Amino acid sequence: MRIHRSAPPIVFAIALLAACGGPASAPAKPSATGVSPDFVARGETFTVTGTGFGTSGTVTVGGVVASVSSWSDTAIEATVPAAAPGAWQEVEVTTAGGSSKVAGPFVGVAYEGDAADLPDFLASQSPGTAVMLAAEEYDLTGLVRLDVDNVDLYGRGEDETTLTMDALGRFHVYTSP
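In this text the structure is predicted, and so the values were computed from the model without any measurement.

Thresholds applied
- Residues numbered from 1 in each chain as written.
- Predicted model: local features only at pLDDT ≥ 70, side-chain atom pairs only at ≥ 80, totals over all residues.
- Heavy atoms only, no water.
- Helix = DSSP H or I, 4+ residues; strand = E, 2+ residues; numbered from the N terminus.
- Buried < 20%, exposed > 50% of the residue type's maximum accessible area, 1.4 Å probe, protein only.
- Areas by Shrake-Rupley, 256 points an atom, 1.4 Å probe, with all protein chains shown as cover.
- Pairing = 2+ DSSP bridges.
- Phe/Tyr/Trp six-rings, centres within 6.5 Å; stacked < 30°, edge-to-face > 60°.
- Patch = residues over 30% accessible without salt bridge, like charges linked within 9 Å, V, L, I, M, F, W, Y side chains within 5 Å.
- Salt bridge = Lys/Arg side-chain N within 4 Å of Asp/Glu carboxyl O.
- Lys, Arg positive; Asp, Glu negative; His and termini not counted.
- Charge placed at Lys NZ, Arg CZ, Asp CG, Glu CD.
- Contact = heavy atoms within 4.5 Å.

1. A few points about the overall build of the protein
And then number 1: In terms of regular secondary structure, the protein is built from two helices and 16 strands.
And then number 2: Expressed as a percentage of its 177 residues, the buried residues of the protein come to 29%.
And then number 3: Surface exposure of the protein reaches about 10800 Å², of which carbon and sulfur atoms provide 55%.

See below:
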C-alpha cells in the first residue's frame with residue numbers, strides 16, 4: 001500500500017507567493033513638491049516635480065483636470081486647462097496611491113514692463129486673463145485714463161504694488177459685453 005501525502009496548504013501558499021515575487025505592495029502615495037514655471041497662461045505647459053507618481057493618474061489645476069503629456073515617477077508635464085481659474089492655483093496629483101497638493105503657478109501672465117506701457121499691455125490681454133504686476137510701483141502720473149476691461153490685476157502682496165495717478169486721472173474697471 002502506498003500513501004501519498006500532499007503538502008499542507010500553508011506550505012503551498014508560501015511557495016506560490018515566492019514564485020510570484022511575494023505579496024503585492026500598495027502603490028506609493030504621491031508627494032508633489034514643486035511646480036514650474038511660476039507663471040503660466042492657460043494652454044501652456046508646466047511641470048510638477050516630486051516622488052511616488054507611479055506611471056499614471058490625474059493632475060488638476062485649481063480643481064480643473066489638466067491634460068498630461070508626460071508622466072514619470074518624479075515628474076509630470078501637463079497643460080493648464082482653458083477653464084482653470086486665474087491667479088495663484090493649487091495643483092493636485094492623484095494616483096492609485098492617493099493624492100498630494102502643492103502650491104501651484106500663477107495662472108495668467110506677469111507684466112514686467114514699465115508704467116508707460118501698462119495701458120497697452122492691459123488692452124492686449126484676452127478677457128479673463130489674470131495679470132501679475134511685477135513692479136512695486138507704477139507711476140501713471142499724467143495718464144488721463146487707465147482702462148481695465150475684463151482683466152484681473154494682482155500685485156505682489158499687500159502694500160507691495162502701487163498704482164499712482166494724478167487727481168484728474170481716471171481709473172476705469174469695467175466688463176464689456
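Having seen it, we continue.
2. Some points on the pairing of strand β3 (residues 45-51)
And then number 1: Burial of β3 is one-sided: the residues F46, V48 and G50 facing one way are buried, the residues T45, T47, T49 and T51 facing the other way are not.
And then number 2: By the bridge criterion, five bridges tie strand β1 (residues 31-36) to β3 in an arrangement that is antiparallel. Its bridge partner lying in β3, V35 is registered against V48.
And then number 3: Note: β3 against strand β7 (residues 75-79), five bridges, orientation antiparallel. If you follow T45 over to β7, its bridge partner there is T79.

3. Overview of the packing of aromatic side chains
And then number 1: What the rule picks out here adds up to six aromatic pairs.
And then number 2: Aromatic pair F39 and W88: ring centres 5.7 Å apart, planes at 50°, arrangement tilted. Taken as a pair, F39 in strand β2 (residues 39-40) and W88 in strand β8 (residues 87-95) lie far apart in primary sequence, 49 residues in all.
And then number 3: Judged by relative accessible area, F39 falls into the partly exposed class, the value being 23%.
And then number 4: Assessed through its relative accessible area of 47%, W88 is described here as partly exposed.
And then number 5: Measuring from centroid to centroid gives 5.6 Å for F39 and F106, while their planes differ by 55°, and the two rings are tilted. Note that F39 is positioned in strand β2 and F106 in strand β9 (residues 98-107), a separation of 67 residues in sequence.

4. Quick word on a negative patch on the surface
And then number 1: A cluster of acidic residues, E136, E137, D139, E160 and D166, forms a negative patch at the surface.
And then number 2: Looking at the element boundaries, E136 is found in the loop between β11 (129-133) and β12 (137-139).

5. Some thoughts on the pattern of salt bridges
And then number 1: Under the definition given, this model contains one salt bridge.
And then number 2: Here E90 and K101 are joined by a salt bridge, their closest N and O atoms 3.9 Å apart. Placement of the pair is E90 in strand β8 and K101 in strand β9, with a sequence separation of eleven residues.
And then number 3: Assessed through its relative accessible area of 44%, E90 is described here as partly exposed.

6. A word on the environment of T162
And then number 1: Within the fold, T162 resides in strand β15 (residues 162-164).
And then number 2: T162 gets classed as partly exposed once you look at its relative accessible area, which sits at 37%.
And then number 3: Taking the C-alpha atoms as reference points, T162 and E136, 26 residues apart in sequence, are found 6.2 Å from one another.
And then number 4: Excluding residues that lie within four positions of it along the chain, T162 makes contacts with E136, E137 and Y138.

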